[in-house]
Every structure is written in structure tokens, then in C-alpha cells.
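# Chains, contacts and geometry: an overview
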Amino acid sequence: MKKLKNILLALGILFLGFSCSTEDLDPTLEQIKDISSIASVEDLSGLLKGTVDRMTDAGYYGQSFIITDEIRGDNVFPNGNSGRYQTQGSLEYIPSNNIGIWTDGYQVIASANIIINADPNELEGELNEILHIQGQAKIIRALVHFDLMRNYGQQYINGGNGLGVPIVTEFAGDDLLPARNTTNEVYAAIYADLQDAFDMMNDQYDNRANKTFPSKYTAKAIESRVAVYNAEWSRAQSAAQQVINSGLYTIIGADNYVSSFAIDNTDNSIFELAFDNVDNRGSNSLGFIYKGDVYGDIEVLPSTPEIYEESDVRAGIITVDANGKIRNSGKYPELNGYDNVNVIRYEEVILNLAEALFEQGDMAGAITQLNEITSNRGASEYSGSITKADILNERRKELLFEGFRFFDLSRNSMDIPKISDLQNITATITAGDHRYALPIPIVEMDANSNMVQNTGY
Amino acid sequence: MKKLLFILMFSLVGFATLLAQTRTITGKVTDTGGEALIGTTVLVQGTSTGTVTDIDGRFTIDVTGNPTLIFSYTGYATQEVRLGASNVMDVTMESESVAFQEVVVLGYSARSRSEVTGSAVQLTSEKLTQLPLASVDQALQGNVAGLQLSHSSGTPGSVQSILIRGKSSITADTDPLFVIDGVPVTNDNLSRSGASSSFNPLATLNPENIESITVLKDPASTAPYGARGTNGVIVITTKTGKSGAPKFNFSSTYGFQNDAVYGPEMLTAAQGEELFYEAIYNTYGASEGFSRSEAKQFYLDNMSEFGFSSKYKSWNEDGRPETVWQDVITNEDAPVQSYDLSVSAGNDRTNYFASLGYFNSEATVIGSDFERISSALNLTTELSNSLSFTTRNSASYSEQDGLLENSAYFSGPRTTKYFLTPAAQPYNADGSLNLANLYSNVRNPLWIAANDISLSRVTRLTTNNTLRWDMPIKNLSFDTRISIDYQSNSWKRYQNRTHGDAQDVGGYAEVDFIGRTNFVIQNAFSYNINANRHNVDIRVLQEYQSNKSNRLEAGGENFSADGLTNVASAGTPTWAYTDFNDWYIGSYLGLVNYSFDGKYVVNASIRREGSSRFPSDSRWGTFWSAGVAWNISEESFMTGMDFVNHLKLRSSFGVTGNAGIGLNTYQASLSFSSAYGGEAGITPSSFGNANLQWEKAESFEIGADFELFNSRVSGLFNYYNRKTVDMLQSVPLSRTTGFSSQNQNVGVMVNNGIELELNFNVISSQDFNLSIGGNLGTNNNEVLELAKDGNGEDINITGRWTKTEVGHPVNEWFMVGYAGVDPETGDALYYTNDTETATTSSFGAAERYYQGTTGIPTFLAGVNLHVDFKGFFLDAQGNYTAGHQVYIPWTRYIYGSDRWSFDLFSGAAVLLNRWQQAGDVTDVPKMTYTTQPWRDFNRWLRDGDFFRLRNVTIGYNFDQSLLQKIGLGSARVFVRGINLYTWAKDDTLEWDPEFQGDGFNQLTTPPVKSVAFGLNITF
């Protein structure tokens, strides 16, 4: 009987011991934290790293943003090695392809908004440092809105209704179904963010040796680009000149031009994204898609090397590989994508200034700026009278494979020419065609009834 | 291996002899006609001591005192006879219907069929054992009305997908809950990589150890499982010891396997060449001014100018060799084998079952196999008059040598057949493997099979211990159970440095260790009153489950030598990762069953359950069910109707749940997993939803069970309706939020249908029996409500091939319609819209529209046949699946009328039917020298209806009287064929019609066809 009592006791303990309450069912969170845990400048800095890291995604600057823009120009073609970028190359995209940076871009903006909307007075840490980080987040927010705008906005197509993209300034805010803002509203918001950033930031917090975060003058450099794309020439001129006058950057010399693309944080770099072996992009890297044996889908058109004079060092970017394929071997050279990817570099700012001066009638000033480039490239100098085509050609030579050509065509109402049977397009696509704007992805159209699809899709 | 078997055998024999001996009773059991009844169970009441009668109906049993003996035999009324002084007892058994006496294991309870108010389907061990299949769930196919099991892959050990009564949720899990010996277990894929073969935790179980599998479908049986009952429950019960002297069972199976259907025939290189020149002519002939016959010369003359590929030039220079890659990648007659030895024994206090098993199967593709060694020991012992202890333990170790599958991976052997050009050769002239001249990035599969590794090493240990106490209050008992289920996979990948996916990085190695511990504790009180024809069973149960898993991963590249395949030898270790995740469930359950006079049965259940997947305010949910049954045949007014042996009407209603969403999604959370420039970055990882709670399903079932004409005809009928409400949906968010979706409780969906089961015992006699049977189930699915955005507009879900919208079934096919080939131009034509009146050759100008079907079958049926004559027997089983459509994979590359097929990759032979000149009527467009982007249209959507002869077994049971002379109890030999015959409604389909559950085929190993020889002896 005593034995029985003991057993009874043991069972009782078991029953009570394992009865469980709501708290007993709390999961252990070993990898994540609640969003309310942001409390210090250190957290803000972590969020900034997360924000910039999202820009390195293979769907964005890691690969497909740059390739999608490059493949729609007249520099390269998709050779079908693995079947990638065929749709983009043919411009036969439809909403259900969910093409472009829509998802990636707004993810970056969401991250940036957490930083921007944090109340500096509630956070531990130096106020100026907090403001600097918030300024960096504003630069990124402006840049991403611009990237979305040039891909999905209707400023380059005929018959559109002038729609831009939604401006999103809150994280998990009240308006979860934003409608598209007008083109003008988007540009205004971009300029406002860039100016705020420039005013808030203090360059004592910028690390000259590390360009992998936006610095104070990144705001002005980006502004010069945005203004050029929107043909606001005096704004472009002023912004570019502020960058130049800062004296922080220099044009890379002819001897170092090709090798500079394999080096991080060079003197001509204004803002670049950090990639290292931890990222290990493999086949999703820019290097792999430009020249990998296994993928290597992006092959150079035979006419492209012909844009360079013999003495131009920039021709050294292009080589012929063992299989006889013409390749971009110089830019993003590391096969696994360990090279940093440049977002904006000094030479582009010079070219922006040249174009802005030219458009405002300052031919001499424009030539001076263009020759800043050519004199460092082993190329012939410009003199006398130049044309817009000269400026665009110089941009093409300098910025080849970096995702500029398609937009240089679109913003100048130029056709996408069918120059080779290797191209995926079947005929020249005329300026203003609806395909100059990507379709709004079907996933957005399904989820957001305020969204208006682009003309033609 | 043999040595191990002997050691086990000896230890079991030794164990058996430890048990005590007492007085011996002998006797004979016969039916009313005086025929001996072989295999009647004789049990000493109140103990687990028992035996079975032999070939002459005789039995011998050891007893102490004058206990009551219970005689039971399927199909006969159970008899209880009190022993007198005599040591001899002869018994005559009276026949009774079969099905209504069967005990159905429902997981938390077990009831005789006549007391069940739902429609559980129970398969007993005969249907589960000695199948040449790695996992026991595959035996369910075609045997259970309303259960769809579809092949995810034929690679042995792969996960199979199971849907019971249709798809209950749009984005939450639809897998059933698995319960093993009363304990809910996790059954998640154990493989690390979606690109490699999956690993099914059920493949760790030895089917020979399984006594029964019950499939619970209806509200009365699934509601006790509360929040995990909606998708149905599969209850697996393992074997326990039978009283009596040690009885050994040895079985072995040896067979050969091949793909059941080989898939589409591919072009030869010569045929591809013909299409290649024709494409050049079609594309450039007019503009460059050459004729069809001059195309070849034009190609040779203008190769560099037009960027033509040099493939056919080189191939001609090499002497036009042809390769059939299907033959290269096939592991013909892949052997499958199993060996099992078990022993069962017991006395009045203790019984046990122990087993040891070995299973090995090669895959039908090169470089892949599966091996398992398993053991089990189940033991029950009475510690005192009121306390008994049961322990069930099993351990298994499995190795699956998998492959790259689930997509068109260039190093996947299954990809090779469809992608690698027949112009490429597996070997060089010197006999070495050809790695250089393959004309594409598809790899030489022979090299990959020999040098790359994708290996799962899975260990599973389970222990399940119950202490039962018959409490001092009469008819009240208490059970406590503690169970631990440990599953681990030490997964490894190696990609060689010479040729393959890692050739550019000097080789790549990755290791991933997953360890999961599932811990369950249950405490239960059971009470039973049986008085004046009233019978009440009450059970109150408390359950707590914790599941903890951790992961440890690392990868590296740059190997300096071959044959070193671990990260240890990598020159550049590139990454490391660890994590820990956990979830918990707590619940309280009450079950009541009341029956009166065997005629009226009412039962009810209520379960309160809390889960860590939900926020603390909405963590707990309540689930319940009520069921009634009326055994009409027991009523006095039925006495005149002798042809009705049994008739039962039954119905149940209940609320079940589903919590099949990711962990911790209710929290608005930050992740620290991103790394930027060597520093940890913070990103928002989940939108969160503070109101997240259970998905609920309101289910209703009404049905009848019947046995007619001396039990010659038996069967059942069900109508079910399951309405899912508060659906846990991953609701698409506007991407402008920075998130793609948020888990919400929104949406309503309904599944309904009927099920029918019929069995005829056509001939029933001592020497000759013939029975046929069948089952069918229908399923109709409709979405009634979806999430709405802030403007009140439905958020439809449009995928690449499907769309989900209110008023349609979930994931209805939604794509552009194909209008065939324009006979004048040879261009593909598409319907402009769903009226299918106007056509266009511009794909972009064609609208997508609903195709009227989904990938999920709406009609499932199974048929079976049993014949035995003297010792010979024949069993056959087939299943029929219909009402759905399937989408052919990778069409751009395999069926494209452009360079993708005949030039860059391989191409199917049906391309030879292409349009060639004006007036040709065909559905294959003209060949062009272009590369077209992806176009998805209904040319590739095909009727999925098929019939498959799942299992045919012919065998012989040796005469027991002869066997006894050589000391054997029984012996059986058989030959069994699996998937011997397949019929597809669409005779141009070419692919194995058994696509994956969603109607797709991801170039995985197709189902296998096998022939196996089996032997089973008891002694």
C-alpha cells in the first residue's frame, strides 16, 4: 500500500508538473528580435547596414538591375547559355513575369524608412551621428525611388498618363495601398530627400577610405544624375559642380583604368556596394553572368568593341574568351561576385556636368569636361564643336556594361536599334514604345487595387 | 548483415526462455459445420497470455488456476468460456459478419466498427508488408477513398505528398498529421536542399513492424486532434507481442525496378540537324536568297557572320555519332531488397515484440540509392495487479544517396536526358569520359554520378513509454505516457572541381546537420460504465508537445586534390551557419462515448489547444465534434430482413484546426542575418500580425455502413463537406510595404464530395475464395471568400500558370489558349481571349483565361481483386485518378520550335511533326533560328486522367501440416509486380501521368515499375 501511495504521488506530480500555461508555450527567439527593440545609434547603424545590404541582392545591384538595363540596349545580347535574360532581352515582358526591382526596391525603402522615422531624441547616442545615419538613409531612399522611377515610370513613353511610382515614406504606416504618384511628385520627393540628407549629414562621420556607405557628397552626385535623367540642366550643373568642388574625388588615370574595377574603394568611387566572399553569389553574380563558363549569358555584340579607338584604354575591358565569345572581362571581374559594385563614380558626375553645360549652350565648358575624361583614357580630345551624340558616345564608352545605355537611349527619345541578328529583339523598337516602361508586376496589381498598370500591358 | 541477424535471433530466443511455465490446456476449435478453424485467437482473460490454433484448429495454452478463455476469430462471434478442472477444451464458433467486429484504432481511442460514428479507413499489416517501397505511406495509394497520394519523386526515400479530401487551405500546410502509437510526430522533409532528393521521415520506419494504419478523415475522428486535424490524421500502430511461445517471422523480398514510364522520346542528332538547317532556311532563306537544300552550305559559309553555333559542323567532322542519354543515365533493373526477422512472445505478465530489418533499394537512375537498417522492441509487462508498463522503442539508420532534382539542373542526371544533345558523346575515343565537347553546359552524368555527392545520413530514435494504473475506483484508470522522437540528418554535398557546378571555384563542399527532438507527454484518465445495456466511456487527456530543432552548416571551396570531399579540405571555407528553432503545443482533451444496447451511439469530443505559433492573446483555440450512429440492423423491426446483416447510419459534425504556418510569423520582427562588409545588418523580417490565430474547418459527414446477403456484399457511403474559415492565408501585400505577404486569418473555402466503398465476396468456400472490391472518392473545391485589400477589393492570387479567385477552385489553371499552327505561315496562333473565336500570332496580344481545371484530381478510385485456391493466391490492386490537368515541364527547351531544342539543347521527337510548307496542318510551329522567351499556354496543359495497375501479387502458402513436420509454422512465397501497367487518357502525353500533387513535374525520378520475389516463414 505504501508503494501504491508513492506511485500515486509520483503520478500527481507528473500531471501537475506538465500542465502548461500560455507562457509555457512561448517560443525561444534566438535569431530574431521584436521591432520595438530599436533603442540606440548602434541599432540604427545596424539597420543602415541591413538597408544597404538589401541593395546588393541579386535582383538589384547584385545582378539583375544592371543586366536588365544593359541587355535592353545595343551593347550586349543574351546568348541563351542558361536561358537567362531572354525575356528582358526581347522586351517581351508581361505583368506576370514580375520583372524588375519592384519588390527589392521597396524592401530597401522599407528598411530606410525605419531609420528615417526613428525619433532621434528617443535613441541613445550622439545626435549628430544619428542625424548623419538618417541622412544616409534618405540618400538611399531617394536613389531607390529614382531607380524605380526610371524602370516603371511613364516619363519615357508615349500616351502614358504621366504616372510615376508610389512614394513611400513610412514603415508599416497607415497607407498600405499607395497609389502611383505623378512623375513630378516623385522627382520632387527625390530632390527633397537628397537636400535633407546633404543638410543633415556631417562629413566628419564619412570614412574616406570606405565608400560602401553613402557619404554627404553622394547626395549631390546622385542629384546630378537624377537631374540629367529629367533634363533639369541647371540643377544637374549645380549638383555636379558641388561634388567636383568638394575635391574629394579624382578621375582614375589611364594606366589604372582597367585594373581599377578589380579594386575596392578607389579614388574615383563615390558610393559603392560591398560584396565579399561571405556573400558568395556564385551564379547570381555579375561576373558569372557576364563571363562564367557555366552561365555567361550576357555576351558582347560584335559591333561594341568598334566604338573605341585603338589607343583607348577602355577597350581593354573587352576580351575574347577561349570559346571565341566576346566578353566583358574587365568590369565586375571576380567570377563569384566578390568585387564591390559601383553605384556612382566620379567620371559619371563629370559626364553629367558636360551634358548639362552642353544643353545650356556652354559648348566650351562641355568640351573641357569631356576632355577631363578622354585625357585620362588615351582617347582623342574633343575640340571645336561637339554634338549631343558625342556626349552620349562618351558616356557609352565610359559607362559600358554598368547599366546606363538603355536609359541614355530612353531619356533622349532614341530608338533601340536592331543592329544584329544576335539581339533578341526582332526589329528596332521606336522611341516612346510602351516597353520603355516595365509592366507593374502582377503581384502588385493583385494586392493593391489602387495600382494602375502601365499603358500597353 | 547475416551475423547481426543471428545475434538478434539468439538473444530473442534466450529472452523467451526466461519466462515461467504453468498448467497446459489443449483443445480444438471448429465452426458449426465441424471444420477446423485455423488461427483462432485464444486468450486468457485479464492477461495478455494467448495463442492461436494450428492447421487442425488445435491449440495449447499454459494457464494458472481456472481462468476464463476468450476465443476470437475474424468473422465469428467471440466466445468466453470458464475453465474447469479439465485440461481439454473444445469450442464451436458461430459465424458473424466481419467488418463490424473489427477494432478501429483512432489514436486517442480504439473502438469496434459498430461504435464508430465516422469513416476511418484501416489498413492492416497484410497490405503494408513486403512491398518493395522505401516508405510505408506509399501503400495507401488507391486503398483509401478520398486520399490522394502523389509522387514527388521516385528516388527511394523521397517525400510523397498526401491530400485527404482535397486541399483545405490556400497557403497553409495541407499535409495530414501523422500519429505513431498515440503520439503526434513531425514529418517534415529532412533534406537540406530543395535542389536535392527529399528525405521522408516515414522512410525511417520499417513497414514490417506496423500492425495497422488508420486514416481519419471525418470530423468525429479528426476533431480530437484539434488544431492539426483539418487535413486528416494518419494513425500508425506498431506491432506488439502476442501471448504464447516465441514465434519467429522471417521475410525477405528481392526485386528489380525500372521507370514505370520512360517519358518522351527525344530527337536523334541527325533529326536535330535536319531541323537546324530547316530553321536556318525558314529564318534567312528569303532574305539571303538560298533554297531549302542550300541551307547547309549557307550555314557552313556564314558561321561567324551570323553567329551560327558550330555544333553540327563539329558533329559531322566527328563522324555523326549518336547518343541516347536515356540509356546512359538509366540504372537498369535496379535491385531492391529487404530482410526482416521478428519475434513475438509472451506469458501472463509480459509480452514482447522485437525485430530487426534491412532494406536496400537502388534508384532507377545512376548514382542514387537508399539503405536502411532498423530495429524495434515493444514490450508490455504487468508490474503489479493494477500497474502495467508498456515501452515501444525503435531505432533506425538510413542512408540516401540522392541526386540533384526538382528542377532542370545541368548536373542532374534526370535533366541530362531532356537537355544534353544526342550529338555529344559520353566517352572520348580513348575511353575516358568526355567532359569537354558536350555542346552546352549540361554535364556528363557519368562523371557527376562518379564524383559528386548528395548524401543524407538519417538517424531516428524513438521511445514511447506508458504506465497504466487501474485505479482503486472500479473502471477508472490512469495512463501516463512519455515519448521522445529524435531525428537527425547529417547531410552532405560535394561538387567536384573538374567538371560540374563547382568547376569554376575549384570544387565545393557543404555539410548540414539537422537535429530535431520531438517530446510528448500525455496524462489521461479513462472511465467506463457498462450497466443495463448502457455503455459509457469517458476519457480526459492532457498533452504537451515540444519540438526543438537546430542546424549546423558550413561550406567551402577550392580543393587541391580529388577524393577529399569535406569542408576540412577546402582551401577557402566560405560560410558557416547555425540556428535553433522551437515550437510548443499544450492541450486538454475530453472524449465521451455513449452507446445503448449496441443500437445507438453518441460521442463527442472537445479539445482546448494552445500553440506557440500564435500570439499569447489568441494562442488557445477550442475544437470539438459530435457524432451519432444508429445500428439499424440491431432493431427488432429488422428481424424479418435477413439479407441485411448489418446496417449503420452515422453522421458527425465538428470543428478542426490548422496551424500549418511558419514559426513566429505573428511577431513584427527584425532579423540580424544579413551581413554587409563583414558586419551584421538588421532587416525587418516579418510584417507581423498581433491577431493571428487558428484556421478552422467546419466539417460535416453523413454516411452509412452496410453488410448484406450473408456478408457477401459490404461497403460504405459518405458525403462530406468541409468549410475552411478564418483561413490562414499568406495574404499578398502591396510590395511597397517592403514585404510580399502577411499571414492573416481570412478567406473561406469549401471542399465536398462523396465516397463509396464496395466489396463483394463472390465465392467464399474452404478451398476457393474470390472477392472484388473498390472505392471511389470525389472532391469539389471552391473558394468562397478571399482576403480584401483596404479598398474592399478581393486580393486574387495570380501565378505564372494559375489563378485563385472567388467562385473558382484554388489554383485553377489560368493561361493563354493555343489555337494551333497557321497552315499558311507555320506560326503559332493564340486565342485572343476566352471566347476562343479570334486568333493572333502575337503572344503578347493574347489574354490569359481560366482553363476550367486544376492540378488536383477531382475523382479518385481504387479497385482490388483477391483470389485464392487451396494454397495459391492472387491479389491485384489498381487506381484511377481523374478530373484534373497536368502541365508539361520545361516546354521551352524540350518542345520549342527554335534553337532551344535542336541547337542549344536536345528537343523531343514530336518536333518532327513541324510545319514545313504552306498547307501543312500540324500543331508544331515551323522551326526558326531564334531563341524565344518563355511562353506559357495551354498547349502544354493536358488531361491528367490515368489508371495504374498498382500491385499484382501471385503466391503460394505451403501446406501447414507438411511444414509442421519440418518445424515451420507457415511459409509463403510470392512474386509481386508494382506499377506494371499504366494507361493515360491523353495518349500523346508521353510523360508518366502521375505528376506531382500540384499538376507539375519537376524532372524528378518518375514512379518505378518493379517485380519482386518474396518469402515469408514463421517458426
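Residues numbered from 1 in each chain as written. Chains lettered and ligands numbered in written order. Predicted model: local features only at pLDDT ≥ 70, side-chain atom pairs only at ≥ 80, totals over all residues.

### As for the overall build of chain A
When you go through chain A residue by residue, the secondary structure sums to 16 helices and seven strands. Judged by the C-alpha coordinates and their principal axes, chain A covers about 115 × 50 × 45 Å. The long-range fraction of contacts in chain A, counting pairs at least 24 apart against all pairs at least 6 apart in sequence, stands at 69%. (Helix = DSSP H or I, 4+ residues; strand = E, 2+ residues; numbered from the N terminus. Contact = placed C-beta atoms within 7 Å.)

### Observations regarding the sheet that holds strand E7 (residues 91-93) of chain B
What holds strands together in a sheet is hydrogen bonding between their backbones, with the strands either parallel or antiparallel. All names here are of chain B. Taken in spatial order, the three strands make up an open sheet running E4-E1-E7, and their pairing is mixed. Since the sheet does not close on itself, it has two edges, and those belong to strand E4 (58-63) and E7, each with one partner. Across the sheet, the mean angle from the axis of one strand to that of its neighbour is 35 degrees, orientation sign disregarded. Note: strand E1 (residues 23-31) against E7, three bridges, orientation parallel. The residue bridging Thr-30 from the neighbouring strand is Thr-92, located in E7. (Pairing = 2+ DSSP bridges. Axes fitted to C-alpha atoms, helices over the stretch in contact; angles between N-to-C directions.)

### Describing the sheet that holds strand E44 (residues 839-840) of chain B
All names here are of chain B. Read from one edge of the open sheet, three strands run E42-E43-E44, paired in antiparallel fashion. Here the strands that pair on one side only, and so sit at the sheet edges, are strand E42 (818-821) and E44. With two bridges joining them, strand E43 (residues 828-831) and E44 adopt antiparallel strand pairing. Across the sheet, residue Tyr-831 finds its bridge partner in E44, namely Thr-839.

### Overview of the domain arrangement of chain B
Residue and element names in this part refer to chain B. The assigned domain composition of chain B is domain 1 (23-96), domain 2 (136-260 + 332-779 + 856-889 + 942-1018) and domain 3 (269-321 + 897-931). Here the C-alpha centroids of domain 1 and domain 2 sit 38 Å apart. Contacts between the two partners involve eleven residues from domain 1 and, on the opposite side, eleven residues from domain 2. (Domains from an automatic or database assignment.)

### Describing the environment of Lys-417 of chain B
All names here are of chain B. Relative to the helices and strands, Lys-417 resides in helix H8 (residues 413-419). A residue is classified by how many C-beta atoms lie within 10 Å of it, and Lys-417, with 25 of them, is buried. In this structure the C-alpha to C-alpha distance between Lys-417 and Val-442, which are 25 residues apart in sequence, comes to 10.0 Å. Not counting chain neighbours up to four residues away, the residues in contact with Lys-417 comprise Met-266, Trp-325, Gln-326 and Ile-329. (Buried ≥ 20, exposed ≤ 12 C-beta atoms within 10 Å, placed from the backbone.)

### Observations concerning the interface of chain B and chain A
Taken residue by residue, the interface counts 70 residues in chain B and 74 residues in chain A. Counting residues per element, the side of chain B that touches chain A draws most heavily on strand E26 (residues 570-596) of chain B, which supplies eight residues. The residue makeup of the side of chain B that touches chain A, split by class, is 27 nonpolar, 33 polar and ten charged. Pairing geometry for strand E1 (residues 32-34) of chain A and strand E30 (residues 669-676) of chain B, over three bridges, is antiparallel. Counterpart to Asp-34 of chain A in the pairing with E30 of chain B is Ser-669 of chain B. (Nonpolar A, V, L, I, M, F, W, Y, C, P; charged D, E, K, R; others polar.)

### Describing the packing of helix H9 (residues 233-246) of chain A against helix H12 (residues 346-359) of chain A
Residue and element names in this part refer to chain A. Packing of H9 against H12 brings their axes to within 8 Å, and their N-to-C directions diverge by 145 degrees. The interaxial crossing formed by H9 with H12 has left-handed handedness. Note on element contacts: H12 touches H9 through Val-349, Asn-352, Leu-353, Ala-356, Leu-357 and Glu-359, opposite Trp-233, Ala-236, Gln-237, Ala-240, Gln-241, Val-243 and Ile-244. Here the contact of H9 with H12 is composed, by residue class, of nine nonpolar, three polar and one charged. (Left-handed = near helix turned anticlockwise from the far one by under 90°.)

### Focus on the nonpolar core
Residue and element names in this part refer to chain A. With 112 residues, the main nonpolar core has Ile-115, Ile-222 and Ala-354 as its most contacted residues. No other element matches the twelve residues that helix H6 (residues 127-152) contributes to this core. Beyond its immediate stretch of four places on either side in the chain, Ala-354 contacts Ala-366, Gln-369, Leu-370 and Ile-391. (Core = buried A, V, L, I, M, F, W, Y, C linked by C-beta atoms within 7 Å.)

### Examining the pairing of strand E50 (residues 946-957) of chain B
Residues and elements named next belong to chain B. Bridge count between strand E47 (residues 872-882) and E50: ten bridges; the pairing is antiparallel. Residue pairing for E50: Asp-875 is matched across the bridge by Thr-953. The pairing of E50 with strand E51 (residues 970-984) spans eleven bridges and is classified as antiparallel. Residue pairing across strands places Asn-957 opposite Arg-972, the latter belonging to E51.

### With respect to the environment of Thr-931 of chain B
Note on placement: Thr-931 of chain B falls in the loop between helix H11 (899-904) and strand E49 (941-943). Through-space distance from the C-alpha of Thr-931 of chain B to that of Asp-903 of chain B is 9.9 Å; in sequence the pair is 28 residues apart. Each residue touching Thr-931 of chain B, except ones within four places of it in the same chain, is listed here: Gly-80, Gln-86 and Asn-424 of chain A together with Asp-898, Arg-899 and Trp-900 of chain B.

### Considering the pairing of strand E28 (residues 620-631) of chain B
Looking along a regular strand, one sees the side chains alternate between the two faces of the sheet. Residues and elements named next belong to chain B. Of the two faces of E28, the one holding Gly-621, Phe-623, Ser-625, Gly-627, Ala-629 and Asn-631 is buried and the one holding Trp-620, Thr-622, Trp-624, Ala-626, Val-628 and Trp-630 is not buried anywhere. Both strand E27 (residues 600-611) and E28 contribute to a ladder of eleven bridges, which runs antiparallel. Bridged to Tyr-600 within E28 is Trp-630.

### Notes on the environment of Leu-133 of chain B
Residue and element names in this part refer to chain B. Residue placement: Leu-133 occurs in the loop between strand E10 (121-124) and strand E11 (147-150). Note on Leu-133: 25 C-beta atoms within 10 Å, which makes it buried. Sequence separation between Leu-133 and Gly-878 is 745 residues, and the spatial gap between their C-alpha atoms is 16 Å. Excluding residues that lie within four positions of it along the chain, Leu-133 makes contacts with Gln-138 and Ala-139.

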